[in-house]
Amino acid sequence: MNNLLDIFLIFLTFNGIVFLINSIRNNFFSFFESASLLILFLVSTYAVWRTLGFSIYTFSILTIGFYFLKTRKTFFLIRPNLQDLLYPNLIWLLFALVYFVIPGWDFGYPHEDYIIYSRIAYYNDRFGVENTQTFYNIISNPGKIEVYHYAELWLSSLFKRINGLSFIPNLILISYPLMSYFLFLGINDLLKNQTKFHGFLVTCLILLVFNPYDEVLRFFDIGLPLVGFSSLIFNLKTLFILPPIILAFKGIIDDNPNYFLISIFSLFYPLIIPVLFIGLGLYEFFIGKRNKRNILIIIGFLGLFGFFSTFFRLSGTEINFNYFFDINVVSKMIWIAFIVPGLLLSVPIYYLDKNFRERTIDFLFFTFFVFITGAFFYILLFENIDSNQMFRNISSAVFSILLGIGIFYSFKYNKKFAFLLLFLYCFPITFNVFLPKSIKVSEEIVSLNKALVPYNKLIFIPNREFVNSVYQYNERLNLQILEFFLIREDIDLINISAAFPISEKINNSVTINMVSTYKSISPFVSYCHDWTFENADCLIDFAKSVKAEGILIKGDYIDFFPIETTSLPGNFKLIIFNKYDSC
């Protein structure tokens with residue numbers, strides 16, 4: 001996507017959904033709550049339709065449907081005015097500036113993770129499943145449900161059906177700006193005495209504030225552990241974590257958290273449920289009213305999530321208590337979970353306290369309980385290379401909200417010092433905007449796509465040097481040419497990187513165990529067992545068993561094939577089986 005017509009279609013789709021949201025109001029809920037429920041209902045309806053009910057969103061469609069039926073007499077329609085559409089469009093323009101204008105009037109995106117999300121979404125929509133198995137769904141029997149952050153994937157797939165554009169532009173230029181608009185609505189709920197313009201300023205601050213500690217360490221290559229908090233406009237998936245966090249903060253301000261509604265909103269990003277609800281449970285028990293109904297809701301929802309995760313599948317949940325006795329691991333967590341965030345938040349919290357008074361201590365207790373719960377799960381699941389996400393995802397959202405609101409209120413009391421805070425926490429964003437980090441489709445990939453137009457399913461062998469980190473062995477999600485899918489989503493490239501020998505760079509027990517896990521679930525490794533590059537026959541047999549049309553190779557190790565290969569742009573080689581069979 002790189003022309004103005006596509007951008008215009010994106011703009012129309014975004015405004016269409018914003019118009020719909022602003023046309024439906026409910027006296028029972030705030031606008032933030034009703035708008036979030038409406039979008040979650042659309043997500044749930046689409047997910048349940050595509051999976052025939054085998055979705056975690058079956059729960060949400062039932063509960064939201066119950067809510068809507070219960071409050072049906074409080075719904076009413078209005079005609080949105082210009083101001084209703086102004087602020088969401090200003091937010092959309094911010095995203096268009098960062099992801100279209102600054103990259104040179106050509107769509108770019110911040111990280112390859114978003115292509116991984118697109119692959120998960122593509123295969124889930126294609127097969128009517130809800131898992132992260134991508135092309136494994138072709139080879140084995142699809143149908144297993146996994147816990148993952150699917151809301152943004154189903155929502156973007158829905159928008160893709162509406163406007164006919166590819167997945168990633170719909171994700172980055174519609175779904176994420178839409179959740180930023182919900183952030184704006186939620187901030188208006190939190191800052192009740194402020195104007196909408198002030199709410200917009202706070203929204204921009206929350207999106208743009210950075211963690212200067214991490215930026216300094218990266219810039220000067222200092223070997224201290226990174227906290228992992230980033231600006232939300234570059235860590236976009238965190239935007240789907242914000243609705244339940246905002247609702248929790250709102251409940252703290254009103255001294256009446258709606259835990260049932262928070263539980264529904266948590267389905268925007270189900271992976272935060274253990275950390276969020278244990279944190280909420282600790283808050284309710286030690287700081288709140290110890291309301292039995294609230295405690296039962298928290299325990300019941302945690303139990304339901306635990307049952308679901310066990311009955312279906314929550315991959316990578318190996319538990320090891322030994323790491324709680326590892327001084328290196330524990331000291332690292334104390335540093336990144338409490339000392340550094342505490343120092344970074346100390347001044348903004350001071351100004352937050354001058355405004356919210358007695359509620360500030362409640363904010364801090366809730367933040368502490370969330371951080372300590374996230375740190376606990378990080379250590380408990382340390383065997384999983386992605387366990388840091390248990391801490392960083394939700395903690396980053398809480399951190400950005402407190403930081404953005406604190407900086408905003410500093411202008412009320414000390415403007416000169418406020419500009420210093422603004423410089424300290426927002427200036428590092430220039431490192432990300434003006435350095436050439438935006439990922440785009442290269443000319444090499446464009447040329448490769450033209451050569452592969454006749455083919456729909458190929459085995460892919462990456463370059464040997466590429467498979468040198470634990471993530472590259474996860475063949476479902478990582479591919480050496482992920483950018484290829486930006487211009488062609490419908491091709492099946494069956495990666496076999498899990499069959500590669502373990503790299504010398506993978507030299508600790510955690511990463512070795514993760515590679516062993518990836519090897520154990522690989523269909524190709526199961527088929528060919530101790531495969532080596534010299535064993536061409538087994539590879540070809542496997543390729544034919546999955547009805548692949550050929551083998552695409554990146555690199556020079558092709559001597560083990562008994563036929564001549566076709567050279568493609570970018571040092572790629574292609575073997576077509578009809579040529580092989582004719583030899």
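Whatever comes next refers back to the structure up there.
So, here's what we can say about the structure. Note that residues are indexed from 1 along each chain, following the sequence as it is written. Reporting in this predicted model follows two pLDDT cut-offs: at least 70 for local features of residues, and 80 or more for side-chain atom pairs to be given and counted; totals over whole chains, interfaces and linings ignore these cut-offs and use all residues. In computing side-chain properties, one takes all heavy atoms of the structure into account and sets aside hydrogens as well as water.

1. Some thoughts on the environment of Leu477
Consideration 1: The secondary structure listing takes helices from DSSP runs of H or I that are at least 4 residues long and strands from runs of E that are at least 2 residues long, numbered from the N terminus. Along the chain, the position of Leu477 falls in the loop between strand E3 (457-461) and strand E4 (492-495).
Consideration 2: Sequence-wise, Leu477 and Asn495 are 18 residues apart; in three dimensions their C-alpha atoms are separated by 9.1 Å.
Consideration 3: Residues within four places of Leu477 in sequence aside, it is in contact with Ile116, Ile120, Thr132, Thr134 and Leu482. Whether two residues are in contact is decided by their heavy atoms, any of which lying within 4.5 Å being enough.

2. Comments concerning the packing of helix H5 (residues 113-127) against helix H7 (residues 151-163)
Consideration 1: Only the stretch in contact is used when a helix axis is fitted, and all axes are lines through C-alpha atoms; the angle between N-to-C directions ranges over 0 to 180 degrees. Between H5 and H7, the shortest axis-to-axis distance is 10 Å and the interhelical angle comes to 70°. In terms of their interaxial angle, H5 and H7 are classed as roughly perpendicular. For the crossing formed where H5 meets H7, the hand is right-handed. Along the contact surface, H5 presents Tyr117, Ile120, Ala121, Tyr122, Asn124 and Asp125, while H7 presents Glu152, Leu153, Trp154, Ser157, Lys160 and Arg161.
Consideration 2: When grouped by side-chain class, the residues that make up the contact of H5 with H7 number six nonpolar, two polar and four charged. Throughout, the term roughly parallel applies to angles under 35 degrees, roughly antiparallel to angles over 145, roughly perpendicular to angles from 65 to 115, and oblique to all others. By convention, the crossing between two helices is left-handed when the near helix turns anticlockwise from the far helix through less than a right angle, and right-handed when the turn is clockwise. Here the nonpolar group is Ala, Val, Leu, Ile, Met, Phe, Trp, Tyr, Cys and Pro; Asp, Glu, Lys and Arg are the charged ones; every other residue, Gly included, is treated as polar.

3. Details of the pairing of strand E7 (residues 572-576)
Consideration 1: Counting buried residues along E7, five of its five residues qualify, which places the element largely inside the surrounding structure.
Consideration 2: Each residue gets one of three labels from its accessible area relative to the maximum for its type: buried under 20%, exposed over 50%, partly exposed in between, using a 1.4 Å probe on protein chains only. Residues Phe572, Leu574 and Ile576 line one face of E7 and the alternating positions Lys573 and Ile575 line the opposite face, and both faces are buried.
Consideration 3: A strand pair is defined by DSSP finding two or more bridges across the two strands. Bridge count between strand E6 (residues 566-568) and E7: three bridges; the pairing is antiparallel. Bridging across to E7, Leu568 finds its partner in Phe572.
Consideration 4: Counting the residues that bridge the hairpin from E6 to E7 gives three residues, and of these Gly570 lies at a positive phi of roughly 80°.

4. Focus on the pattern of salt bridges
Consideration 1: A pair is scored as a salt bridge if a Lys or Arg side-chain nitrogen falls within 4 Å of a carboxyl oxygen belonging to Asp or Glu. For the structure shown, the criterion picks out ten salt bridges.
Consideration 2: Between Lys196 and Asp84 there is a salt bridge whose closest N-O contact spans 3.9 Å. Of this pair, Lys196 sits in helix H9 (residues 196-208) while Asp84 sits in helix H4 (residues 82-101), placing them 112 residues apart in sequence.
Consideration 3: A relative accessible area of 36% means that Lys196 is categorised as partly exposed.
Consideration 4: Residue classification places Asp84 among the buried positions, given a relative accessible area of 10%.
Consideration 5: Measuring nitrogen to oxygen at the nearest pair gives 3.1 Å for the salt bridge that ties Arg488 to Asp490.

5. Description of the packing of aromatic side chains
Consideration 1: Note on aromatic contacts: the rings of Phe and Tyr and the six-membered ring of Trp form a pair at centre separations within 6.5 Å, being stacked when their planes are under 30 degrees apart, edge-to-face when over 60 apart, and tilted otherwise. Considering all chains together, one arrives at 48 aromatic pairs under this definition.
Consideration 2: Aromatic side chains Tyr87 and Phe200 sit 5.6 Å apart centroid to centroid with 45° between the ring planes, which places their arrangement in the tilted category. Of this pair, Tyr87 sits in helix H4 while Phe200 sits in helix H9, and the two are 113 residues apart along the sequence. Considered together, Tyr87 and Phe200 belong to a single accessibility category, that of buried residues.
Consideration 3: Both a distance and an angle decide whether a charge sits over a ring: NZ of Lys or CZ of Arg must be within 6 Å of the ring centre and within 35 degrees of the ring normal. Between Arg50 and the ring centre of Trp49, over which it is positioned, the NZ or CZ distance is 5.1 Å.
Consideration 4: Directly above the aromatic system of Phe485 lies the positively charged group of Arg119, at a separation of 3.7 Å from the ring centroid.

6. Regarding the nonpolar core
Consideration 1: Grouped together as the largest cluster of nonpolar side chains are 173 residues, with contacts concentrated most on Ile172, Ile405 and Leu552.
Consideration 2: The element that contributes the greatest number of residues to this core is helix H8 (residues 167-190), accounting for 16 residues.
Consideration 3: Setting aside chain neighbours within four positions, we find Leu552 in contact with Leu448, Leu452, Leu458, Ile459, Phe460, Ile461, Ile481, Leu493, Leu568, Phe572, Lys573 and Leu574.
Consideration 4: Ranked by size, the runner-up nonpolar core spans 34 residues in total, among them Ile494, Leu539, Val546 and Phe577. Buried residues of nine kinds, namely Ala, Val, Leu, Ile, Met, Phe, Trp, Tyr and Cys, make up a nonpolar core once their side-chain atoms join them within 4.5 Å.

7. Focus on the sheet that holds strand E5 (residues 550-554)
Consideration 1: Strand order in the open sheet made by the five strands is E4-E3-E5-E7-E6, with mixed pairing throughout. Each of the sheet's edge strands pairs with one partner strand only, and the pair in question is E4 and E6. Taken over all neighbouring pairs, the strand axes of this sheet differ in orientation by 30° on average, direction set aside.
Consideration 2: Its contacts with the sheet place helix H23 (residues 536-545) against E3, E4 and E5, and it is angled at close to 150° to E3.

8. As for unusual backbone geometry
Consideration 1: Positive phi outside glycine occurs at Thr134, with the angle close to 40°.
Consideration 2: Tracing the sequence through the fold places Thr134 in the loop between H5 and helix H6 (136-139).
Consideration 3: In this structure Thr134 comes out as buried when scored by relative accessible area, which is 2%.
Consideration 4: If you check the backbone angles, Asp255 has positive phi at about 60° while not being a glycine.
Consideration 5: Residue position: Asp255 is located in the loop between helix H11 (242-254) and helix H12 (259-265).
Consideration 6: In this structure Asp255 comes out as partly exposed when scored by relative accessible area, which is 32%.

9. Considering a nonpolar patch on the surface
Consideration 1: Residues forming no salt bridge and having over 30% relative accessible area are the ones grouped into patches, like charges within 9 Å of each other and nonpolar side chains (Val, Leu, Ile, Met, Phe, Trp, Tyr) within 5 Å. All accessible-area figures derive from a Shrake-Rupley calculation using a 1.4 Å probe, and residue coverage is judged against the displayed protein chains alone. A surface patch of nonpolar side chains, about 490 Å² in accessible area, is lined by Val216, Phe219, Phe220, Ile222 and Leu224.
Consideration 2: The topology assignment puts Phe219 in helix H10 (residues 212-220).
Consideration 3: For Phe219, a relative accessible area of 54% gives the class exposed.

10. Here we look at the state of the cysteines
Consideration 1: Pairs of cysteine sulfur atoms within 2.5 Å are identified as disulfides in what follows. Taken as a whole and judged by the stated rule, the model has one disulfide.
Consideration 2: Between the sulfur atoms of Cys528 and its disulfide mate Cys538 the distance is 2.0 Å. Torsion about the S-S bond of the Cys528 and Cys538 cystine: about -110°, corresponding to left-handed handedness. Here Cys528 is found in helix H22 (residues 523-528), whereas its partner Cys538 is found in helix H23, with ten residues between them in sequence. As far as burial versus exposure is concerned, Cys528 and Cys538 are alike and both buried.

11. Re the environment of Arg72
Consideration 1: When you line up the elements, Arg72 lands in the loop between helix H3 (57-70) and strand E2 (75-77).
Consideration 2: Counting along the chain gives 46 residues from Arg72 to Asn26, while the straight-line C-alpha distance between them is 8.4 Å.

12. Some remarks on H7
Consideration 1: Multiplying 1.5 Å by the residue count of a helix minus one yields the expected span of that helix. With 13 residues, H7 extends 19 Å from end C-alpha to end C-alpha; this agrees with the ideal 18 Å at 1.5 Å per step.
Consideration 2: Burial analysis of H7 places ten of its 13 residues in the buried class, which makes it a mostly covered element.
Consideration 3: Those residues of H7 that fall on the buried side of the exposure criterion are Ala151, Glu152, Leu153, Trp154, Leu155, Ser156, Ser157, Leu158, Phe159 and Asn163.
Consideration 4: Against the buried residues of H7 lie helix H1 (4-23), helix H2 (31-51), H3, H5 and H8.
Consideration 5: Within two residues after H7, Gly164 carries a phi angle of roughly 75°, on the positive side.

Such coordinate-based values are descriptive only and should not be taken to indicate function.
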